[in-house]
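These are the residues of each chain, in order.
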Amino acid sequence: MVKLEAIIQPSRFESVKDALREIGVEGMTVTEVRGHGRQKGHTEVYRGREYTVDLLPKIKLEMVLPDNLVNRVVDTILKSAKTGKIGDGKIFLSRVDEAIRIRNEERGENAL
Amino acid sequence: MVKLEAIIQPSRFESVKDALREIGVEGMTVTEVRGHGRQKGHTEVYRGREYTVDLLPKIKLEMVLPDNLVNRVVDTILKSAKTGKIGDGKIFLSRVDEAIRIRNEERGENAL
Amino acid sequence: MVKLEAIIQPSRFESVKDALREIGVEGMTVTEVRGHGRQKGHTEVYRGREYTVDLLPKIKLEMVLPDNLVNRVVDTILKSAKTGKIGDGKIFLSRVDEAIRIRNEERGENAL
Amino acid sequence: MKCAGCRCSVSLMVVLGTILLATVSLGAGSLAAEQTPTANATTSLLSRKVSPTATVLLETPEPAQKVSEKLAQLDQRIAAAQSSADNAWMLVSAALVLMMTGPGLALFYGGLVRQKNTLAIMMQSFALMALITVMWALVGYSLCFGGNGPVIGGFEHAFLRGVGAEPNPDYAGTIPQMTFMVYQLMFAVITPALITGATAERMKFSGTVLFMALWFLVVYAPLAHMVWGKGGLLNASLGGKFPTLDFAGGTVVHISSGVSALVCALYMGKRVGYPKQPMPPHNLVLSFIGACLLWVGWFGFNAGSALAAGSLASSAFVATHFGAAAAAFGWSAAEWIKNGRASALGAISGAVAGLVAITPAAGFVGPMPALVIGAVAGVVCFGMVTKVKAAFGYDDALDAFGVHGAGGTIGALLTGVFAQQIVNPIFGAGKAVGGLDGHWGQVGNQLVGVLIAWAFALAGTIVLLKIVDLLTGIRVPEEHELEGLDITQHGEEAYNLET
Amino acid sequence: MKCAGCRCSVSLMVVLGTILLATVSLGAGSLAAEQTPTANATTSLLSRKVSPTATVLLETPEPAQKVSEKLAQLDQRIAAAQSSADNAWMLVSAALVLMMTGPGLALFYGGLVRQKNTLAIMMQSFALMALITVMWALVGYSLCFGGNGPVIGGFEHAFLRGVGAEPNPDYAGTIPQMTFMVYQLMFAVITPALITGATAERMKFSGTVLFMALWFLVVYAPLAHMVWGKGGLLNASLGGKFPTLDFAGGTVVHISSGVSALVCALYMGKRVGYPKQPMPPHNLVLSFIGACLLWVGWFGFNAGSALAAGSLASSAFVATHFGAAAAAFGWSAAEWIKNGRASALGAISGAVAGLVAITPAAGFVGPMPALVIGAVAGVVCFGMVTKVKAAFGYDDALDAFGVHGAGGTIGALLTGVFAQQIVNPIFGAGKAVGGLDGHWGQVGNQLVGVLIAWAFALAGTIVLLKIVDLLTGIRVPEEHELEGLDITQHGEEAYNLET
Amino acid sequence: MKCAGCRCSVSLMVVLGTILLATVSLGAGSLAAEQTPTANATTSLLSRKVSPTATVLLETPEPAQKVSEKLAQLDQRIAAAQSSADNAWMLVSAALVLMMTGPGLALFYGGLVRQKNTLAIMMQSFALMALITVMWALVGYSLCFGGNGPVIGGFEHAFLRGVGAEPNPDYAGTIPQMTFMVYQLMFAVITPALITGATAERMKFSGTVLFMALWFLVVYAPLAHMVWGKGGLLNASLGGKFPTLDFAGGTVVHISSGVSALVCALYMGKRVGYPKQPMPPHNLVLSFIGACLLWVGWFGFNAGSALAAGSLASSAFVATHFGAAAAAFGWSAAEWIKNGRASALGAISGAVAGLVAITPAAGFVGPMPALVIGAVAGVVCFGMVTKVKAAFGYDDALDAFGVHGAGGTIGALLTGVFAQQIVNPIFGAGKAVGGLDGHWGQVGNQLVGVLIAWAFALAGTIVLLKIVDLLTGIRVPEEHELEGLDITQHGEEAYNLET
Ligand SMILES: Nc1ncnc2c1ncn2[C@@H]1O[C@H](COP(=O)(O)OP(=O)(O)O)[C@@H](O)[C@H]1O
Ligand SMILES: Nc1ncnc2c1ncn2[C@@H]1O[C@H](COP(=O)(O)OP(=O)(O)O)[C@@H](O)[C@H]1O
Ligand SMILES: Nc1ncnc2c1ncn2[C@@H]1O[C@H](COP(=O)(O)OP(=O)(O)O)[C@@H](O)[C@H]1O
């Protein structure tokens with residue numbers, strides 16, 4: 001099993017979710033995160049004090065996938081999350097050794 | 001060392017925490033996340049516009065555990081987090097190569 | 001590639017970020033989490049009902065790094081995040097198999 | 001960005017410039033002298049002037065006949081001026097009392113619940129603003145103030161027949177009955193809303209609406225009539241058998257709602273997870289705003305209950321303020337001694353408890369007794385909420401009974417102790433009013449009033465709960481309670497903060 | 001911690017103790033008797049006393065000449081008392097109407113937008129509080145109330161020349177013109193602010209400021225003058241050709257802003273992602289507070305429009321409250337029937353719709369018709385917002401048109417139906433006012449007023465939008481819209497909750 | 001769900017239906033005619049009617065003796081009506097000024113701190129509402145308004161002896177002294193609360209309480225007496241040596257608190273991390289609400305300082321509103337020029353600065369000078385807060401000095417420039433008041449007043465800080481500061497949003 005983590009623009013989240021649903025991927029866990037990278041932030045000024053905000057809102061998707069689905073999911077995300085501008089985010093893949101469904105204690109790919 | 005990630009129902013969180021404390025597991029990191037899966041969401045209506053909310057509040061627990069503790073922790077979580085209804089969540093296990101305690105730079109299982 | 005997860009004190013976050021920038025590490029994803037460990041929490045009382053708050057605010061940094069940078073980053077974080085008190089947090093390292101930049105579909109270490 | 005700003009500024013300057021040009025030809029003088037010079041330079045803004053039409057009648061000496069006419073005229077105009085003055089205050093008071101329910105109480109309660117029930121509890125207050133208003137217009141006002149029976153009014157003012165510009169001399173001789181009617185309405189709105197503090201986080205919305213509609217008819221209307229209505233059993237000035245002093249609603253508003261709240265809490269049972277699971281207030285800033293608006297609005301509640309803008313209103317205003325302050329002080333001190341810290345939630349809860357307790361007393365006591373009543377209420381309600389509730393184990397979620405039931409009872413009794421004829425000679429000139437004034441029997445009268453209010457609220461609420469439970473159900477199913485009432489009862493969420 | 005508390009308590013006790021010691025020598029009596037004993041024990045706080053200087057003039061019987069002088073004097077003092085009473089109410093009303101814009105409307109709208117646009121929408125209301133006030137002082141008041149032309153006033157009161165302590169008998173004979181001026185200003189502030197509901201989440205701040213400045217001059221000032229100004233075309237009591245009843249601004253405030261809002265929404269186009277992307281309100285608690293403050297403030301708006309504290313104010317107050325309640329009821333009932341649930345957002349939206357619709361009628365109708373007008377407005381606006389908007393597909397983001405345009409139009413027409421001479425004999429004693437009163441022609445007059453207001457708002461707004469689009473631009477670039485107006489237009493964020 | 005709704009609706013209809021049935025037999029007529037028909041159809045709600053008891057005295061022509069009696073009677077009743085009118089306004093004003101502290105200032109400050117200190121800063125304002133009220137009753141009122149010494153009052157009104165329904169003619173001849181007392185109390189509450197802006201996020205609660213109690217006695221009471229008390233050194237109308245114009249508290253409230261705030265900020269030192277670490281406001285929506293409520297409440301503060309509801313109140317009301325608007329404008333314009341954007345925080349800060357600056361001037365200047373004073377204050381305070389503070393490097397956390405110290409000083413001086421006898425002939429008929437009025441010496445008087453207020457605040461605050469530091473300590477330990485004052489000082493958190 002593979003864990004896919006995608007950090008994407010909040011504004012693309014709805015279309016990514018829709019695109020994934022179309023290819024039959026439903027299970028995912030979503031976190032609001034803030035990202036730091038090449039994308040420039042912005043400046044805020046409160047009573048003359050300037051703050052450079054270089055942590056920008058991003059959405060992190062986490063999905064544990066059976067190996068055979070990984071490529072398709074990656075492609076789908078790439079397509080639906082891309083705006084072509086700096087800050088579009090990353091996809092990371094890593095191995096997961098076990099998955100267990102709490103409800104019925106199913107294990108492995110059946111649990112996804 | 002093994003990283004255990006558990007996505008559970010918010011309403012079960014207190015009892016999971018208590019159960020883990022009983023078996024002596026204290027160290028964990030908790031994140032409020034939203035989950036998407038088989039569990040149905042609900043519909044909200046604001047001035048006639050309907051939104052299907054299919055991202056439901058969940059709690060993610062992350063624990064890095066020494067290998068010998070993993071099974072016990074998994075069992076404990078399964079027991080204390082289960083309600084038997086769709087949406088109870090998942091447990092994922094994966095390998096961690098190194099752990100370091102920032103305070104004293106201890107490494108490995110000692111750092112957990 | 002290695003995934004570094006660091007759980008640190010919120011009050012150290014600014015200096016960690018600055019220290020990392022100095023050694024040229026920019027890309028990271030930040031999450032507000034709550035941590036449970038040896039650090040004691042505090043007690044809150046609302047109309048006579050006491051709550052022991054044992055989940056304390058922490059910042060989680062996630063960085064996927066090329067292998068050759070890992071040690072330097074670990075050292076930098078250790079230095080800049082340490083206060084020497086219980087609760088300073090942990091660093092965890094694990095392997096990542098693939099990284100993809102959504103914007104241009106670059107892969108591997110180039111994507112970081 | 002800057003360019004847009006510049007262009008906007010420039011355009012705006014052009015607009016303002018054009019205005020200036022257009023008006024400069026009027027020779028609009030120096031900035032410091034834009035007032036119209038008046039013929040007589042010594043006449044200033046300070047001296048109130050009269051419109052010429054008003055003085056023209058009075059230019060020559062008049063024969064007795066004409067003088068008499070003029071006196072009659074002046075007399076009418078004085079009555080009109082007095083009426084306007086009192087009406088100004090009473091309209092403001094009515095607005096202030098509405099503000100107590102929405103946003104005041106809604107915020108106070110809204111901040112104390114868990115996030116998933118925020119809108120539900122606020123919505124209950126708001127729904128009562130609509131529901132009770134409509135019922136009041138149809139029949140409620142008449143039931144409270146319409147007849148002169150000992151227990152309940154009649155239908156003579158149903159549909160507000162006969163309620164117009166004329167004062168109703170039985171109740172408020174200087175203001176239009178319209179004003180009296182709408183002012184009293186605001187009391188009828190907030191009273192049932194107070195109960196929702198006990199049933200918070202688990203009561204069905206449909207059941208709440210039905211219960212409150214019935215409760216208003218069966219519990220509130222009779223109590224209001226008994227205490228304030230002409231001929232009412234407990235009325236202190238209009239011929240009641242047991243003259244109970246209740247200036248602004250210690251029995252009618254706070255005991256009735258607080259005791260009913262206790263019954264509801266017992267009937268409904270505890271929230272899932274109570275008391276094991278922590279249920280801290282989700283947003284104390286909201287509760288803080290709510291408490292402050294309650295405090296401010298309470299001036300309309302208590303000082304408005306003078307039904308005029310004279311010195312009795314001032315006296316009640318001062319007592320109200322002092323009661324609130326002393327109770328905040330009292331609760332905080334108790335907390336500081338017990339926990340080593342004073343909390344914001346404690347301070348605001350104390351203030352509300354003091355406001356509750358001073359309500360029946362406000363127009364009968366001087367400022368120093370008001371401090372005493374407030375301090376006592378602060379400490380006692382602190383004990384109720386932190387000790388007594390825990391000891392008995394009922395789940396009065398937001399302490400509607402602990403604050404309103406207990407505070408109202410204390411206040412009603414202490415009114416009997418501290419009421420003074422020098423403040424309000426309600427029993428006639430020279431007649432002692434309260435205990436310290438020399439009339440300890442009044443404490444007994446107060447006790448009778450308190451007991452009747454308790455009995456009425458207890459009995460009425462139990463019966464109504466059973467009825468409503470049959471018709472619509474009272475409590476939401478457990479999974480709805482877990483998911484939260486905002487989503488399950490109203491289909492919405494208080495906060496949607498994600499981008 | 002506890003120690004600090006202790007030390008603080010101890011020190012505080014020392015302070016208070018010292019005070020006590022210092023004063024105890026004054027023999028400050030028992031707590032219950034701190035009032036100064038008065039010579040005559042029967043004189044109570046209840047009996048209003050007069051300062052000696054006031055009564056000294058009248059000690060002996062007077063010859064006719066002196067009586068006449070005294071009568072004249074009393075006459076003046078009565079006028080002064082009446083003026084003070086009315087002024088008290090009108091100053092409060094002015095404050096209440098300001099409260100409607102800030103924080104009322106700002107919160108109502110602020111809660112409905114997405115988080116990233118919260119400050120931007122609130123800032124628009126606040127900027128109008130500053131901008132319109134300055135323009136009003138320079139020229140606005142004069143344009144609205146300065147001359148007696150049929151369409152627009154003149155410059156006679158530019159820079160507030162001649163506006164002082166004297167009443168302006170054309171408009172409000174008992175209060176200083178200063179009061180009238182500042183009261184009317186508050187209406188001029190809120191009206192353009194209402195429009196920002198339609199353009200929310202995408203309009204440039206610079207463009208907003210410029211547009212509103214021009215709109216105030218080109219649309220608001222003429223409409224206000226036509227309906228309320230002396231000699232205005234639609235003025236019902238000061239010689240208008242088409243006597244339109246508009247007690248507190250159904251045409252001037254709500255139709256003008258609501259219709260302009262629709263034009264703006266059409267001109268600007270939809271928000272990026274609308275209607276596919278969900279855009280739920282980010283914080284309904286804010287909207288709830290805002291709606292409640294609007295309700296409370298609206299008493300100043302409508303009952304204040306009596307321009308005095310007499311019974312007409314009471315009548316308008318009651319109608320206002322009943323209209324709001326019935327509309328909240330109506331909207332909620334419609335929603336419950338359609339969705340199986342009543343929402344808090346629905347209830348507060350309904351209340352606002354009812355307040356809008358009752359605005360032109362408030363001083364002309366009794367309480368029962370007010371209930372009817374409210375209920376109708378609640379249901380119709382529910383339909384506008386949920387059905388009509390969806391059918392036509394325009395993006396009136398926060399339903400400024402759906403509530404104010406529609407509600408204002410309904411209210412203006414129903415005023416023609418329900419107005420009663422018994423409430424307000426505006427056409428003279430014995431003359432029927434509205435349709436059910438026997439004067440169905442008034443419905444026609446109302447229709448003329450409505451059409452003129454619609455036409456004026458439509459035409460003026462289109463022209464101004466084109467001009468402003470050229471000068472500063474109207475809509476922010478797409479990436480700014482995505483990032484949010486708070487950061488891109490104002491350089492700040494509403495919430496910085498991370499530690 | 002729907003079923004419950006249905007059942008509820010059905011039940012509710014049954015309830016309402018029963019009511020209808022019960023009342024329909026009363027023939028409650030058509031909806032449009034629910035008013036009682038009056039005998040004389042031309043009598044409308046508009047014409048104010050008098051209760052029969054009032055007119056009955058005047059039916060036949062009267063002999064001179066009786067006329068004289070009647071005149072005396074009328075005279076008393078006029079005084080009573082005037083008193084009620086003024087009292088109505090003053091009670092409202094007192095409520096408005098309380099609303100400025102809570103929730104107004106508490107929210108304004110509460111939004112500006114970091115989340116972890118929200119309740120702590122709000123609690124400080126609330127604690128002062130309780131603490132100062134109690135101290136005022138015991139001794140504070142007497143120290144401020146009790147004697148006629150040049151520097152401080154006496155103990156004659158300790159425990160509010162002699163403060164009752166009678167007016168105190170020295171201060172406010174038409175309203176009960178009770179009203180005057182409670183109105184002035186509200187000023188004494190807010191003044192120390194302003195200081196907490198400078199010490200925010202690091203001052204101990206115990207130390208705050210003790211410091212404020214002492215500061216009230218040592219700094220506020222003397223200053224209030226000197227400026228407003230009979231015989232006070234700076235009193236402009238009751239025989240002061242240096243007649244300083246201060247209508248509503250430029251010196252007493254704003255200079256005293258602002259300068260003390262600076263001293264506190266210097267004494268306490270900077271917050272940990274300041275200025276390197278970003279400390280943006282955690283919730284500008286709260287600050288926005290707070291600023292709006294301050295604006296609205298300030299009408300009570302300034303226009304209420306007329307102590308009557310006459311035209312001077314109107315004039316002060318207008319000046320207040322114009323000052324606020326012009327200052328919001330001024331600050332925003334300065335910001336737009338400097339940063340290319342105007343922020344919401346800037347606009348609300350500007351409005352507050354304008355309100356501060358217009359406070360001493362409100363009852364002395366016309367509307368145009370008010371615009372000037374406001375605009376100057378807006379720009380100067382912008383400079384203070386953004387430039388001067390940064391240059392000197394002190395940590396006046398929420399700019400209590402930058403806004404209140406600076407704004408109060410500017411306002412006090414400009415009052416000397418712009419005061420006009422036509423607005424308020426305080427020095428007697430025909431005597432010039434301010435500089436542009438022809439009396440430039442007044443600017444000198446103002447300077448004296450300002451210097452004395454500065455000196456008093458500086459000296460008093462330093463001494464008290466040292467004392468309190470010894471007794472309870474002033475500043476929390478660093479780890480408490482990092483963890484936040486809400487948890488460490490009060491044991492609670494503002495928000496518990498997790499489910
Ligand atoms: N090495 C990394 N490890 C973890 N997250 C990263 C890393 N680099 C970038 N990110 C995440 O991806 C987001 C986008 O990265 P950025 O460099 O701004 O643009 P791009 O992905 O287009 O190169 C960042 O905001 C951050 O959340
Ligand atoms: N493949 C997955 N990867 C990551 N998280 C998942 C995955 N599948 C489910 N989840 C998480 O588990 C939660 C519960 O899953 P769901 O399918 O609703 O019920 P169940 O676990 O009972 O099958 C989801 O809300 C989501 O947060
Ligand atoms: N085994 C673990 N797995 C995941 N997170 C952990 C673990 N142990 C500790 N943490 C995280 O590190 C934080 C600090 O740990 P704690 O035991 O309090 O102090 P220290 O790191 O100084 O030993 C915790 O709040 C928690 O977020």
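Residues numbered from 1 in each chain as written. Chains lettered and ligands numbered in written order. Predicted model: local features only at pLDDT ≥ 70, side-chain atom pairs only at ≥ 80, totals over all residues. Heavy atoms only, no water.

Undergrad: What am I meant to see in the overall build of chain D here?
TA: Broken down by element type, chain D carries 15 helices and 0 strands. Buried positions account for 71% of the 499 residues belonging to chain D. Accessible surface, chain D: about 13,300 Å² in total, of which carbon and sulfur atoms supply 67%. (Helix = DSSP H or I, 4+ residues; strand = E, 2+ residues; numbered from the N terminus. Buried < 20%, exposed > 50% of the residue type's maximum accessible area, 1.4 Å probe, protein only. Areas by Shrake-Rupley, 256 points an atom, 1.4 Å probe, with all protein chains shown as cover.)

Undergrad: Sorry, what's going on with helix α8 (residues 284-302) of chain D here?
TA: Count 3.6 residues to each turn of an α-helix, and residues three or four apart come out pointing the same way. All names here are of chain D. With 19 residues, α8 ought to run about 27 Å at 1.5 Å a step, and its terminal C-alpha atoms sit 26 Å apart, in line with that. Along α8, the sharpest change in direction is near 30° and occurs at V296. Burial runs high along α8: 19 of the 19 residues are buried. (Expected span 1.5 Å × (residues − 1). Bend = angle between axes of the 7 residues up to and from the residue.)

Undergrad: Which parts of the structure should I look at to understand the site of ligand 3?
TA: Taken together, 21 residues sit near ligand 3, with T29, R101 and R103 of chain B together with R38 and G87 of chain C positioned nearest. Nearby residues around ligand 3 are contributed by chains B and C. At 2.7 Å, a backbone N or O of R38 of chain C approaches an oxygen atom of ligand 3. Protein chains bury 98% of the 550 Å² of accessible surface belonging to ligand 3 in isolation. Grouping the constituent residues of the shell around ligand 3 by class yields 6 nonpolar, 8 polar and 7 charged. (Near = heavy atom within 4 Å. Polar contact = N/O pair within 3.5 Å; in protein donor to acceptor, adjacent residues only side chain to side chain. Nonpolar A, V, L, I, M, F, W, Y, C, P; charged D, E, K, R; others polar.)

Undergrad: Looking at this structure, how should I read the interface of chain A and chain C?
TA: Chain A puts 30 residues into the contact, and the matching count from chain C is 27 residues. Buried area between chain A and chain C, summed over both chains or domains, comes out near 2,400 Å², and the portion from carbon and sulfur atoms is 53%. When the buried surface of chain A facing chain C is broken down by residue, R34, H36 and L78 of chain A rank first, second and third, together holding 24% of it. Counting across the chain A and chain C interface gives 6 salt bridges. Its salt-bridge partner being K60 of chain A, residue E62 of chain C comes within 2.7 Å of it at the nearest N-O pair. (Contact = heavy atoms within 4.5 Å. Buried area = accessible area lost by both parts, 1.4 Å probe. Salt bridge = Lys/Arg side-chain N within 4 Å of Asp/Glu carboxyl O.)

Undergrad: I tried to follow the relation of the copies chain A and chain C on my own but got confused; where do I start?
TA: Relating one copy of the chain to the other takes a rotation about an axis and a shift parallel to that axis. Structural alignment of chain A on chain C gives an RMSD of 0.0 Å, achieved by rotating through 120° and translating 0.0 Å along the axis. Such values leave the two copies arranged in the relation of a three-fold axis. When the interface residues of chain A are mapped onto chain C, a mere 13% of them again lie at the interface, so each copy presents a different face. (Least-squares fit on C-alpha atoms with pLDDT ≥ 70 in both.)

Undergrad: Any chance you could explain the packing of helix α12 (residues 400-418) of chain F against helix α13 (residues 441-471) of chain F here in plain terms?
TA: A packed helix pair is summarised by two numbers, namely the angle formed by the two axes and the spacing between the axes. Residue and element names in this part refer to chain F. Contact geometry of α12 with α13 gives a least axis separation of 6 Å together with a crossing angle of 155°. The angle between α12 and α13 places the two elements in the roughly antiparallel class. Crossing hand, α12 versus α13: right-handed. Where α12 approaches α13, its residues F401, T409, A412, L413, T415, G416 and V417 are matched on the opposing element by Q442, V443, Q446, L447, V450 and W454. (Axes fitted to C-alpha atoms, helices over the stretch in contact; angles between N-to-C directions. Parallel < 35°, antiparallel > 145°, perpendicular 65-115°, else oblique. Left-handed = near helix turned anticlockwise from the far one by under 90°.)

Undergrad: It is not clear to me how the packing of aromatic side chains should be interpreted in this structure. Could you clarify?
TA: Any aromatic ring pair is given by two values, namely how distant the centres are and how the planes are angled relative to each other. All names here are of chain D. As enumerated under the stated definition, the model contains 66 aromatic pairs over all chains in all. Geometrically, the ring pair formed by W298 and F301 is tilted, given 5.7 Å between the ring centres and 55° between the ring planes. Taken as a pair, W298 and F301 lie in helix α8 at a separation of 3 residues, close to a single helical turn. Take W298 and F301: they sit in the same class, and that class is buried. What links up through ring pairs into an aromatic cluster is the set W136, Y141, F145, Y171, F180, F216 and Y220. (Phe/Tyr/Trp six-rings, centres within 6.5 Å; stacked < 30°, edge-to-face > 60°.)

Undergrad: How should the site of ligand 1 be read in this particular structure?
TA: Within the structure, ligand 1 sits among 21 residues, and R38 and G87 of chain A together with T29, R101 and R103 of chain C are positioned closest to it. Near ligand 1, the surrounding residues belong to chains A and C. One of the backbone N or O atoms of R38 of chain A is found 2.7 Å from an oxygen atom in ligand 1. Mapped onto the shell around ligand 1, the elements with two or more residues apiece are β2 (28-36) and β6 (90-95) of chain A together with β2 (28-36) and β5 (56-65) of chain C. Looking at which element gives the most residues to the shell around ligand 1, the answer is β5 of chain C, with 3 residues.

Undergrad: I would appreciate a short explanation of the pairing of strand β6 (residues 90-95) of chain B in the present structure.
TA: With respect to burial, β6 of chain B is a largely interior element, 5 of its 6 residues being buried. Pairing between strand β7 (residues 98-101) of chain A and β6 of chain B: 4 bridges, direction antiparallel. Following the sheet pairing, E98 of chain A is matched in β6 of chain B by L93 of chain B. With 6 bridges joining them, strand β1 (residues 2-8) of chain B and β6 of chain B adopt antiparallel strand pairing. (Pairing = 2+ DSSP bridges.)

Undergrad: Looking at this model, I keep getting lost on the side chain of Q442 of chain D. Mind explaining?
TA: In this structure, Q442 of chain D sits in helix α13 (residues 441-471). Aside from chain neighbours lying at most four places away, what touches Q442 of chain D is P243, T244, L245, G416, F427, V433 and G434 of chain D.

Undergrad: Help me understand the confidence of the model for chain D, please; the structure alone is not making it clear to me.
TA: Regions with low pLDDT carry predicted coordinates that are not meant to be interpreted in detail. Residue and element names in this part refer to chain D. The predicted model of chain D averages 91 in pLDDT, with 87% of residues at 70 or higher. Note that residues 24-59 has pLDDT below 50 and, in this model, 74 contacts with residues that lie over four places away or in other chains. For this predicted complex, the interface score ipTM comes out at 0.94, alongside a pTM of 0.94. (pLDDT = per-residue confidence, 0-100.)

Undergrad: Please clarify how the side chain of Q124 of chain D should be interpreted in this entry.
TA: All names here are of chain D. Note on placement: Q124 falls in helix α4 (residues 118-145). Given the relative accessible area of 5%, Q124 is considered buried. Here Q124 is in contact with T196, M203, F205 and T208, once residues within four sequence places are set aside.

Undergrad: Can you walk me through a nonpolar patch on the surface in this structure?
TA: Residues and elements named next belong to chain D. On the surface, a cluster of nonpolar side chains totalling about 450 Å² of accessible area is made up of I462, V463, I467, L470 and L471. The topology assignment puts L470 in helix α13. Under the relative-accessibility criterion, L470 is labelled exposed at 74%. (Patch = residues over 30% accessible without salt bridge, like charges linked within 9 Å, V, L, I, M, F, W, Y side chains within 5 Å.)

Undergrad: What am I meant to see in unusual backbone geometry here?
TA: Glycine aside, a negative phi is what most residues show, and trans is what most peptide bonds show. Between G102 of chain D and the following residue, P103 of chain D, the backbone shows a cis peptide bond with an omega angle of 10°. Structurally, P103 of chain D is set in helix α3 (residues 64-112). Phi at E105 of chain A is positive, roughly 60°, even though this residue is not glycine. Along the chain, the position of E105 of chain A falls in the segment after β7. With a phi angle near 60°, L307 of chain E is a residue other than glycine that sits in the positive phi range. Position of L307 of chain E among the secondary structure elements: in the loop between α8 (284-302) and α9 (311-339). Residue classification places L307 of chain E among the buried residues on the basis of a relative accessible area of 15%.

Undergrad: I'm lost on the pattern of salt bridges in this one. Help?
TA: Once the charged atoms of two side chains with opposite charge are near each other, the side chains can pair. Under the definition given, this model contains 65 salt bridges over all chains. One salt bridge connects D399 of chain E with R47 of chain B, and the closest N-O pair in it is separated by 3.0 Å. Pair noted here: D399 of chain E is in the loop between α11 (367-392) and α12 (400-418) and R47 of chain B is in the loop between β3 (42-46) and β4 (49-53), and the two residues belong to different chains. Note on accessibility: D399 of chain E and R47 of chain B belong to one class, buried. A salt bridge links D75 of chain E to R77 of chain D, with the nearest nitrogen and oxygen atoms 2.8 Å apart. Here D75 of chain E is found in helix α3 (residues 64-112), whereas its partner R77 of chain D is found in helix α3 on a different chain. R77 of chain D gets classed as partly exposed once you look at its relative accessible area, which sits at 24%.

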